[in-house]
Amino acid sequence: MKRSVLSTRAGFSLIEIILALGIISFTLVGILGLFPVAVNAAADSQHETQAALIARSMFHELESHPGTPNRTITVGGDLIDGRPVKVDLSKAVTLTDMAGFDSGGTSLSDASDTMAVYTVDLKTEPVTPANGLTRVDVTVKTKRTSFPFSTLLRQD
């Protein structure tokens, strides 16, 4: 009696393997393309957070001397010509690139310092309908964008 052996081999054909590799490659290219977007989003978020902290420190400096419209900003140590900046909240003032900060938010002696990642503009404008209040605008700038912040401060 003759014995019949059916030989069935289980496996993948070359075409199936090529298609699977193509699908995997296409998916990996898409996923790898998201990494630069995620890195940029994280950096932008870090810059925005740091800008908010810098602006808050500027506002705090202006709030820390109540009882007089003349306020002194010492953030940055020596800000303009080696002296702290005096701001009269009863008058309109515009200061451009008045302070520089490094990537960690540490104030530098000069906004033109090569380590300055952030520079700060300050603008004050008394609010006429409500006597005794001044609008203070602080714009923290990086090379790519600027972050505006505003608050109202009492002059006295």
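Just so it is clear, the model here is predicted, and its values are computed rather than measured. (Residues numbered from 1 in each chain as written. Predicted model: local features only at pLDDT ≥ 70, side-chain atom pairs only at ≥ 80, totals over all residues. Heavy atoms only, no water.)

**Student:** Would you take a moment to explain the overall build of the protein for this structure?
**Tutor:** When its secondary structure is counted, the protein shows 1 helix and 7 strands. By residue count, 28% of the 156 residues in the protein fall in the buried class. A fraction of 42% describes how many contacts in the protein between residues 6 or more apart in sequence connect residues 24 or more apart. Accessible area of the protein: about 10600 Å², with a carbon and sulfur share of 60%. (Helix = DSSP H or I, 4+ residues; strand = E, 2+ residues; numbered from the N terminus. Buried < 20%, exposed > 50% of the residue type's maximum accessible area, 1.4 Å probe, protein only. Contact = heavy atoms within 4.5 Å. Areas by Shrake-Rupley, 256 points an atom, 1.4 Å probe, with all protein chains shown as cover.)

**Student:** I'm lost on the pattern of salt bridges in this one. Help?
**Tutor:** For side chains bearing opposite charge, pairing can occur when the charged atoms are close. Per the stated rule, a full pass over the model turns up 7 salt bridges. For the salt bridge of D88 with K91, the shortest nitrogen-to-oxygen distance reads 3.9 Å. Since its relative accessible area comes to 16%, D88 is described here as buried. K123 is the salt-bridge partner of E125, the closest N and O atoms lying 4.0 Å from each other. (Salt bridge = Lys/Arg side-chain N within 4 Å of Asp/Glu carboxyl O.)

**Student:** Got a minute to help me understand helix α1 (residues 14-63) in this structure?
**Tutor:** Since the α-helix packs 3.6 residues into each turn, any two residues three or four apart lie on the same face. Relative to the 74 Å expected for 50 residues at 1.5 Å per residue, α1 spans 74 Å between its end C-alpha atoms, a close match to the ideal helical length. Among the residues of α1, Q50, A51, I54, A55, M58, F59, E61 and L62 are the ones counted as buried. (Expected span 1.5 Å × (residues − 1).)

**Student:** Can you walk me through the nonpolar core in this structure?
**Tutor:** Nonpolar side chains tend toward joint burial in soluble globular proteins. Residues M98, V120, L122 and V138 are the most contacted members of the largest nonpolar core, which totals 23 residues. Among the elements that line this core, the one with the most residues is α1, at 6 residues. For V138, the contacting residues outside a window of four places in its chain are A55, M58, F59, V120, D121, L122, F147, P148 and F149. (Core = buried A, V, L, I, M, F, W, Y, C linked by side-chain atoms within 4.5 Å.)

**Student:** Would you mind going over the pairing of strand β5 (residues 118-126) with me for this structure?
**Tutor:** Across 6 bridges, strand β3 (residues 93-101) lies against β5 in antiparallel orientation. When the sheet's bridge partners are listed, T94 is paired in β5 with K123. Strand direction decides the pairing type here: β5 and strand β6 (residues 133-141), joined by 8 bridges, are antiparallel. Counterpart to V120 in the pairing with β6 is V140. (Pairing = 2+ DSSP bridges.)

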